[in-house]
Amino acid sequence: MNGSATYTASSVLDIKLKRGPQGLGFNIVGGLDQQYVLNDSGIYVAKIKENGAAALDGRLQEGDKILSINGHKLENLSHSAAVELFRSAGEDVQLRVQQRRAMAMNGPSTSRPDGDSSSMSSLGILVVVLGAAAAIAFLCVRFQPHLRRHF
């Protein structure tokens, strides 16, 4: 495991991460100038990077609100000021995190690495494609005698 955790309240978690070759292994959104959640200028986890420190630790989740880093509260900060705190935080980083809960988001509900904010999931696309293939197969079988006429 890449860190340790302590639960201080029902939804607040202290996580210690060790910066790896890929940094801390997650992207953030939010700030005074880029509100991610309506009426909240907090900093949120947008994306957990595969095989990064956060992913290997397993407790930080997309949508979690980061309350502080190394004791520095992330209140009333611009996005760039928060990014600078993360960059200068050192190798051992202590995060206080409010775990994700249902809330009104100001932006896409998912964060995809390719920048596509489409609301249709991969599973939804697969269901549509398989449904279309089944319909085509049914039509081919149903009308096969009509397709084999000799001229």
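What you are looking at is a predicted structure, and each value in this text was computed from that prediction instead of being measured.

Caption draft 1: Highlighting the environment of arginine 59. Tracing the chain through its elements places arginine 59 in the loop between helix H1 (53–57) and strand E5 (65–69). Residues arginine 59 and valine 97 lie 38 residues apart in sequence; the distance between their C-alpha atoms is 9.9 Å. Of the polar contacts made by the side chain of arginine 59, one reaches the side chain of aspartate 57; its length is 2.3 Å.

Caption draft 2: Looking closely at helix H2 (residues 79–87). Of all the positions in H2, only His79, Ala82, Val83 and Phe86 are classed as buried. All buried residues of H2 fall inside an arc of 100 degrees around its axis, so they share one side.

Caption draft 3: Structural view of the pairing of strand E7 (residues 92–98). Where strand E2 (residues 12–18) meets E7, seven bridges bridge the pair, whose relative direction is antiparallel. Counted as the bridge partner of lysine 16 is glutamine 94 from E7. As paired elements, E5 and E7 share four bridges and run antiparallel to each other. Its bridge partner lying in E7, isoleucine 69 is registered against leucine 95.

Caption draft 4: Focus on the packing of aromatic side chains. According to the stated counting rule, one finds two aromatic pairs in the structure shown. Both rings, one in phenylalanine 26 and one in phenylalanine 86, keep their centres 5.7 Å apart while their planes meet at 90 degrees; by these two values the pair is edge-to-face. Of the two residues, phenylalanine 26 sits in strand E3 (residues 26–30) while phenylalanine 86 sits in helix H2, which places them 60 residues apart along the sequence. You'll find phenylalanine 26 and phenylalanine 86 in the same group, each marked buried. Their ring planes at 50 degrees and their centres at 5.9 Å tell us that tyrosine 36 and tyrosine 44 sit as a pair that is tilted. Tyrosine 44 matches tyrosine 36 in its accessibility class, with the two residues each being buried.

Caption draft 5: How the structure looks around the confidence of the model for the chain. Put simply, the chain has an average pLDDT of 81, and 75% of its residues get 70 or more. Predicted confidence for residues 109–119 stays below pLDDT 50, and this span has seven contacts to residues more than four positions away or in other chains.

Caption draft 6: View of the nonpolar core. Ranked by size, the top nonpolar core spans 21 residues in total, and within it Phe26, Ile28, Leu60, Ile66, Phe86 and Leu95 carry the most contacts. Contributing elements (two or more residues each) for this core: E2, E3, strand E4 (43–48), E5, H2 and E7. Those residues in contact with leucine 60 that sit more than four places away from it in its chain are Ile15, Phe26, Val45, Ile48, Ala54, Leu95 and Val97.

Caption draft 7: Focus on the pattern of salt bridges. Per the counting criterion, the structure on display carries six salt bridges. Two residues, arginine 96 and aspartate 14, come together in a salt bridge whose shortest N-O distance is 2.7 Å. Note that arginine 96 is positioned in strand E7 and aspartate 14 in strand E2, a separation of 82 residues in sequence. Taking the relative accessible area as the measure of exposure, arginine 96 reaches 33% and is therefore partly exposed. Judged by its relative accessible area of 10%, aspartate 14 is buried. Two residues, lysine 18 and glutamate 91, come together in a salt bridge whose shortest N-O distance is 3.1 Å. Here glutamate 91 lies in the loop between H2 and E7 and lysine 18 lies in strand E2, a separation of 73 residues in the sequence. Residue glutamate 91 is classed as partly exposed on the basis of its relative accessible area, which comes to 46%.

Cut-offs used in this document
- Residues numbered from 1 in each chain as written.
- Predicted model: local features only at pLDDT ≥ 70, side-chain atom pairs only at ≥ 80, totals over all residues.
- Heavy atoms only, no water.
- Helix = DSSP H or I, 4+ residues; strand = E, 2+ residues; numbered from the N terminus.
- Polar contact = N/O pair within 3.5 Å; in protein donor to acceptor, adjacent residues only side chain to side chain.
- Buried < 20%, exposed > 50% of the residue type's maximum accessible area, 1.4 Å probe, protein only.
- Arc of directions from axis to C-beta.
- Pairing = 2+ DSSP bridges.
- Phe/Tyr/Trp six-rings, centres within 6.5 Å; stacked < 30°, edge-to-face > 60°.
- pLDDT = per-residue confidence, 0-100.
- Contact = heavy atoms within 4.5 Å.
- Core = buried A, V, L, I, M, F, W, Y, C linked by side-chain atoms within 4.5 Å.
- Salt bridge = Lys/Arg side-chain N within 4 Å of Asp/Glu carboxyl O.

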